[in-house]
Amino acid sequence: MSDGTGKGALGRSDRSGGSARGTAHRPLVALACATETWDGVAHAAVRRAYVTALEEAAGCAVVLLPGPGLPSEVLDRCDGLVLGGHESNVAPAHYAGPPCPGPFDPDRDALALRAVRRAVAGGLPLLGICRGLQEINVAYGGTLRALGTAAHREDATLPRDEQYLPAHEVAVAPDGLLHRLLGGTDRARVNSLHGQAVDTLAPGLRREAVAPDGVVEALSVAGAPAFALGVQWHPEWYATTDPVSRRLFEAFGAAATRRATTRPEQTPATLTGAKR
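Given the structure is predicted, the values throughout are model-derived calculations rather than measurements.

*Asks:* It is not clear to me how the pattern of salt bridges should be interpreted in this structure. Could you clarify?
*Replies:* Two side chains of opposite charge can pair, provided their charged atoms sit close to one another. Taken as a whole and assessed by the stated rule, the structure comprises eight salt bridges. Of the charged contacts in the structure, one is a salt bridge between Glu-208 and Arg-206, with a shortest N-O distance of 3.4 Å. Note on Glu-208: relative accessible area 0%, which makes it buried. Its relative accessible area of 31% is what places Arg-206 among the partly exposed residues. Overlapping salt bridges bring together Arg-108, Asp-109, Arg-131 and Glu-135 as one network.

*Asks:* Looking at this structure, I do not really get the packing of aromatic side chains. What am I missing?
*Replies:* Overall, the coordinates contain one aromatic pair when judged by the stated rule. On the basis of an interplanar angle of 70 degrees and a centroid distance of 5.9 Å, the ring pair of Phe-227 and Phe-252 is categorised as edge-to-face. With Phe-227 in the loop between strand 12 (216–221) and strand 13 (228–231) and Phe-252 in helix 7 (residues 243–262), the pair connects residues that are 25 residues apart, well separated along the chain. A relative accessible area of 0% means that Phe-252 is categorised as buried. A cation over a ring is seen here: Arg-117 above Tyr-140, with NZ or CZ 4.2 Å from the ring centre.

*Asks:* What's the story with the pairing of strand 12 in this structure? I'm lost.
*Replies:* Working note: regular strand, side chains alternate between the two faces of the sheet. Taken across its six residues, strand 12 has six buried, putting it largely inside the fold. Hairpin remark: strand 11 (residues 205–210) followed by strand 12, antiparallel, with five residues in the connecting loop; positive phi at Gly-214, about 95 degrees. Across three bridges, the pairing between strand 12 and strand 13 is antiparallel. Bridge assignment links Leu-219 to a residue of strand 13, and that residue is Gly-230. What sits between strand 12 and strand 13 in their antiparallel hairpin is a turn of six residues, with Gly-223 showing a positive phi close to 75 degrees.

Cut-offs applied
Starting from 1, residues in each chain are numbered consecutively following that chain's sequence as written. Residues qualify for local features only when their pLDDT is at least 70, as the model is predicted, and side-chain atom pairs are given and counted only at 80 or more; totals for whole chains, interfaces and linings, by contrast, use all residues. Water and hydrogen atoms were dropped before computing side-chain values, which therefore reflect all heavy atoms in the structure. Salt bridges are identified by distance alone: a Lys or Arg side-chain nitrogen within 4 Å of an Asp or Glu carboxyl oxygen. Each residue gets one of three labels from its accessible area relative to the maximum for its type: buried under 20%, exposed over 50%, partly exposed in between, using a 1.4 Å probe on protein chains only. For Phe, Tyr and Trp, rings pair up if their centres lie within 6.5 Å, where Trp contributes its six-membered ring, and each pair is then called stacked (planes under 30 degrees apart), edge-to-face (over 60) or tilted (otherwise). Runs of H or I in DSSP of at least four residues are treated as helices and runs of E of at least two as strands, each being numbered from the N terminus. Charge-over-ring contacts are defined here by two conditions on Lys NZ or Arg CZ: a distance within 6 Å of the ring centre and an angle within 35 degrees of the ring normal. For two strands to be treated as a pair, DSSP must find at least two bridges joining them.

Put into structure tokens, the structure is as follows:
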């Protein structure tokens with residue numbers, strides 16, 4: 001599996017295309033980990049491509065957020081939350097859905113489903129990618145379904161970089177968050193590498209884009225006090241060279257920067273609960 005540092009057809013790791021922001025005052029964003037077991041030992045894992053995209057295209061510093069616990073002070077010290085994709089599926093028990101193929105990740109489910117509403121309620125910018133979009137939907141009471149078609153799956157016989165090239169168009173809803181950050185376009189081409197999808201959209205969420213077959217490709221949290229968007233595709237792979245991907249990360253980075261400049265200054269006493 002590629003770690004996101006190799007150079008691909010669109011210059012995935014071209015560092016010259018990174019953010020122009022300096023590193024001294026970058027907003028700090030939390031990136032949710034998955035749990036993977038290697039040699040019988042549990043590891044907190046993320047793909048390097050997510051970290052690279054957040055650093056270079058969004059201009060953020062990244063802290064990894066392992067599950068399943070969510071210490072209350074962690075999100076309070078961050079300026080954004082990112083829920084990336086993973087091979088695991090959200091377990092049907094969380095949305096009373098029909099059986100669905102695994103693998104599953106109970107630790108990631110526990111972390112993400114707890115963190116989504118906390119982040120939004122606290123005014124923390126939120127970006128969900130692939131599994132992250134599905135987690136947002138489930139956290140607000142929506143349901144998922146397993147896709148019975150290969151139309152949204154990658155061709156595993158292709159090199160990894162080619163699997164992440166655009167695969168189909170999405171129709172962008174007018175006057176939505178995605179429509180605005182993409183400069184008013186009503187169409188975009190995206191990649192497609194997922195086996196689960198939204199079935200019932202949760203109350204309070206807005207459909208931001210759909211695939212030609214009706215699959216929800218982007219959603220937002222209506223009335224959220226800050227940026228709160230999920231996309232079903234993977235913008236992290238070509239984050240600095242694909243225009244759609246870059247705009248997504250730049251918009252999230254700008255929201256995290258606003259949060260960083262308005263968040264009350266925290267002292268060691270306020271972080272630990274110590275009395276002054």
